[in-house]
Amino acid sequence: MTASCLLNEFELLDGTTTQKLFIRLTPIIFCVGLLGNILTMCVFIITDLKRQSVSILTIALAIVDSLVLLIPVSVLWLEHLLKREFTDASPFWCRTHGFFDLTFTCCSSWLMICIAFERFCAVWLPHRHKILFTHRKIFFFVLGIVITATIISTWFIFVVKMVLKTRPVMLPQTTTSLLKNSFKNISENFIFWSSRQITPENHTLKIYFKCDVYDDILYDSMGMVSVIINYFVPFVFILLLNSTVIYRLCQRGIVELRSSITVTLILVCLVHLFCTLPFQCWWIYYEVLDQTGDCSWLKNKLTWRTITFTIRNINYMANFFLYSFSSKLFRDELKGLVLLWLLPHERYQSYHYRRQSLYDNMQQQNVSLIRLIMRRLSRTSEYTNGGVIVNPIGGAVANNDHVANV
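Residues numbered from 1 in each chain as written. Predicted model: local features only at pLDDT ≥ 70, side-chain atom pairs only at ≥ 80, totals over all residues. Heavy atoms only, no water.

Novice: Hey, could you run me through the overall build of the chain in this one?
Specialist: What the chain contains, in helices and strands, is 14 helices and six strands. Here the chain holds 406 residues, and the buried ones make up 39% of them. Expressed as a percentage of contacts within the chain between residues at least 6 apart in sequence, the contacts between residues at least 24 apart total 76%. Total accessible area computed for the chain in this model is approximately 23,900 Å², and 66% of it derives from carbon and sulfur atoms. (Helix = DSSP H or I, 4+ residues; strand = E, 2+ residues; numbered from the N terminus. Buried < 20%, exposed > 50% of the residue type's maximum accessible area, 1.4 Å probe, protein only. Contact = heavy atoms within 4.5 Å. Areas by Shrake-Rupley, 256 points an atom, 1.4 Å probe, with all protein chains shown as cover.)

Here it is in structure tokens:
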């Protein structure tokens, strides 16, 4: 950051096109993304798609994307809208605002790696896929990702603090004389801790608390490590895994683009790559040292950060539309749910119960070899040892010439 610039972020970007677009686009991304993620969770939880092992990953991804939109994105938008830094008003938010963003984005990126790896095994190792990716194993794997992301993001809490700073503010001559007269009989200690301190040069020093870092070098180093873990490493893994999957599908030559879940998840991974790449590049640009000595360098950094941050946020909104546009099965299940909610008719109720009972029956059936043998032996043969003969007209004749109906 530029040390010589006395203007804050909102003063530098005030009235610029970048800030206006950010203020107008972010509410749309927030509302549409939150609604889309909720619908995605409903489809993968209620319908037949929950039978897919990858459904747990998509549900977890929708939850994490919603949290990114709810906490870091919405709070930053409110700061730009109100032109006020919430981190300076609360020590708790000062220490945790970056922690939430790092944790949720790390979970989102590594869940994308899991989705890409799951599709890699489904295409290259189809016979081992159902053994490797059961619902239980994936659930604990997702839980491990959440815990690990939380632990490796806690560094942010320990590198920031609230510090006392002063800022010179120009005052008119009349205001200066009035303030000097009012503070004439006040002790020096009180003047130091007051919000304003008068200087002889018609300046007032505004004393305030601001959220700052302990060490800039440590903050930049840990920030770059987090960017590598949250963005660079997932970018490489997702790119390599999806490249091999696409190569395998091209070798097969027969892929139904409108119904294949593999194609849908590949598209989700590719959109994630394209949306997060600009933000990764901005972090490299952020580490470049100031070469101007004024506010122009800082303004350029903030402008590009706002642009790349908005592009990154589109990724957390787009998955629902990618599922809908690329998967006919997802659209059919979503349409059935919407009709079920809006028109609670008998046929829509039967639509829901039919799918629920189908899944429950498949889960509860546990047929063993011994049970099959016992069922086979329990069947009554056509000619038994007791001498009973089944005649064509439905009667039964025994050895003692008694007649009984079967």
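Novice: Could you clarify how one ought to interpret the pattern of salt bridges in this entry?
Specialist: Opposite charge on two side chains allows them to pair when their charged atoms are near. Scanning the entire structure with this criterion turns up six salt bridges. The partner of R119 in a salt bridge is E118, and the shortest N-O contact between them spans 2.7 Å. E118 matches R119 in its accessibility class, with the two residues each being buried. In this structure, D332 engages K328 in a salt bridge whose closest nitrogen and oxygen atoms are separated by 3.1 Å. Here K328 and D332 lie together in helix α12 (residues 328–342), a separation of four residues that amounts to about one turn. In this structure K328 comes out as partly exposed when scored by relative accessible area, which is 44%. If you follow the salt bridges from partner to partner, you end up with E85, D88 and K210 in one network. (Salt bridge = Lys/Arg side-chain N within 4 Å of Asp/Glu carboxyl O.)

Novice: Please clarify how the packing of aromatic side chains should be interpreted in this entry.
Specialist: We describe a pair of aromatic rings using the distance from one ring centre to the other and the angle between the two ring planes. Evaluation of the coordinates by the stated rule reveals 22 aromatic pairs. Ring geometry for F22 against F309: centres 6.3 Å apart, planes inclined by 45°, an arrangement best described as tilted. Of this pair, F22 sits in helix α2 (residues 17–46) while F309 sits in helix α11 (residues 295–326), and the two are 287 residues apart along the sequence. The pair formed by F22 and F309 is uniform in burial state, with each residue classed as buried. Their ring planes at 45° and their centres at 5.9 Å tell us that Y285 and W297 sit as a pair that is tilted. (Phe/Tyr/Trp six-rings, centres within 6.5 Å; stacked < 30°, edge-to-face > 60°.)

Novice: Help me out: how do you make sense of the state of the cysteines in this one?
Specialist: Joining two cysteines, a disulfide is a covalent bond between their sulfur atoms. Applying the stated criterion across every chain yields a total of one disulfide. Each disulfide pairs two cysteine sulfurs, and for C94 the partner residue is C211, the sulfurs being separated by 1.9 Å. The sign of the S-S torsion, about 80°, decides the handedness of the disulfide formed by C94 and C211: right-handed. With a gap of 117 residues between them, C94 in helix α4 (residues 91–124) and C211 in strand β3 (residues 203–213) connect regions that are remote in the sequence. With relative accessibility at 0%, the residue C94 sits in the buried group. (Disulfide = S-S within 2.5 Å.)

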